[in-house]
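Fold and geometry: a report
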Amino acid sequence: MRMHTWTRQTVLALGAAAALALAAGSAHAAGSSLGTGSSGPAVVCLQRALDDVDAAGLQADGQFGTRTHNAVVNYQHEHGLSADGTVGPITGGSIKNAVSQAYYAAHRANDPSQVELGSWLANCSGQLPG
């Protein structure tokens, strides 16, 4: 399937923004962790990422409750990480890397249906620790 010029430009622009976001990170997120009881935009980003890379089936409500905890434990277990249910620098970095890999795989395959991964990278990667 041939990708329209505007779609290609959008995908490339999102990719560039994602690369900048990954490089810049977030000073706030770098020194913190997310766990049961956390709430807010960083948790929404976490929930979206777990849905995208692990098909966790979470509602992105911004509340780190039992379902999010279990999804994090599952992700950690499946990726050989310490399965404590807390998103610190190692788990956060792993999740960001997984989203990035999925985005670039979709980009190489010219799959415009995965543009939301680029949007996640541009808007959310700095929200997670790591």
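Quick caveat, the model's predicted, so the values are computed rather than measured.

1. Overview of the state of the cysteines
Applying the stated rule across the entire model yields one disulfide. Through a disulfide, Cys45 is tied to Cys124; the S-S separation comes to 2.2 Å. Handedness of the Cys45-Cys124 disulfide follows from its S-S torsion of about -65°: it is left-handed. Taken together, the residues Cys45 in helix 3 (residues 41-54) and Cys124 in helix 6 (residues 115-124) connect sequence positions 79 residues apart.

2. Considerations on the packing of helix 3 against helix 6
Close contact between helix 3 and helix 6 brings their axes to 11 Å; oriented N to C, the two are set at 150°. It follows from the interaxial angle that helix 3 and helix 6 lie roughly antiparallel. Like other packed secondary-structure pairs, helix 3 and helix 6 cross with a definite hand, here left-handed. Residue-level contacts link Cys45, Arg48, Ala49 and Asp52 of helix 3 to Glu116, Leu117, Trp120 and Cys124 of helix 6. Looking at the contact of helix 3 with helix 6 residue by residue, the class counts come to five nonpolar, no polar and three charged.

3. As for helix 3
With 14 residues, helix 3 extends 19 Å between its outermost C-alpha atoms, agreeing within 8% with the 20 Å of an ideal straight helix rising 1.5 Å per residue. Within helix 3, burial applies to Ala42, Val43, Cys45, Leu46, Gln47, Ala49 and Leu50. Of the surrounding elements, those touching the buried residues of helix 3 are helix 4 (66-78), helix 5 (89-108) and helix 6. Count one or two residues on from helix 3 and you reach Ala55, which has phi positive near 45°.

4. Some points on the packing of aromatic side chains
Per the counting criterion, the structure on display carries one aromatic pair. Ring plane angle 75° and centroid distance 4.8 Å describe the contact between Tyr103 and Tyr104, whose orientation is recorded as edge-to-face. The exposure class assigned to Tyr103 is buried, which follows from its relative accessible area of 3%. The exposure class assigned to Tyr104 is partly exposed, which follows from its relative accessible area of 28%.

5. Section: unusual backbone geometry
At Ala55, a residue that is not glycine, the phi angle is positive and equals roughly 45°. Structurally, Ala55 is set in the loop between helix 3 and helix 4. Accessibility expressed as a relative area gives 67% for Ala55, which makes it exposed. Positive phi is not limited to glycine here, since Asn110 has a value of about 55°. Take Asn110: it is sitting in the loop between helix 5 and helix 6. Owing to a relative accessible area of 45%, Asn110 belongs among the partly exposed residues under this scheme.

Thresholds applied
Residues numbered from 1 in each chain as written. Predicted model: local features only at pLDDT ≥ 70, side-chain atom pairs only at ≥ 80, totals over all residues. Heavy atoms only, no water. Disulfide = S-S within 2.5 Å. Helix = DSSP H or I, 4+ residues; strand = E, 2+ residues; numbered from the N terminus. Axes fitted to C-alpha atoms, helices over the stretch in contact; angles between N-to-C directions. Parallel < 35°, antiparallel > 145°, perpendicular 65-115°, else oblique. Left-handed = near helix turned anticlockwise from the far one by under 90°. Contact = heavy atoms within 4.5 Å. Nonpolar A, V, L, I, M, F, W, Y, C, P; charged D, E, K, R; others polar. Expected span 1.5 Å × (residues − 1). Buried < 20%, exposed > 50% of the residue type's maximum accessible area, 1.4 Å probe, protein only. Phe/Tyr/Trp six-rings, centres within 6.5 Å; stacked < 30°, edge-to-face > 60°.

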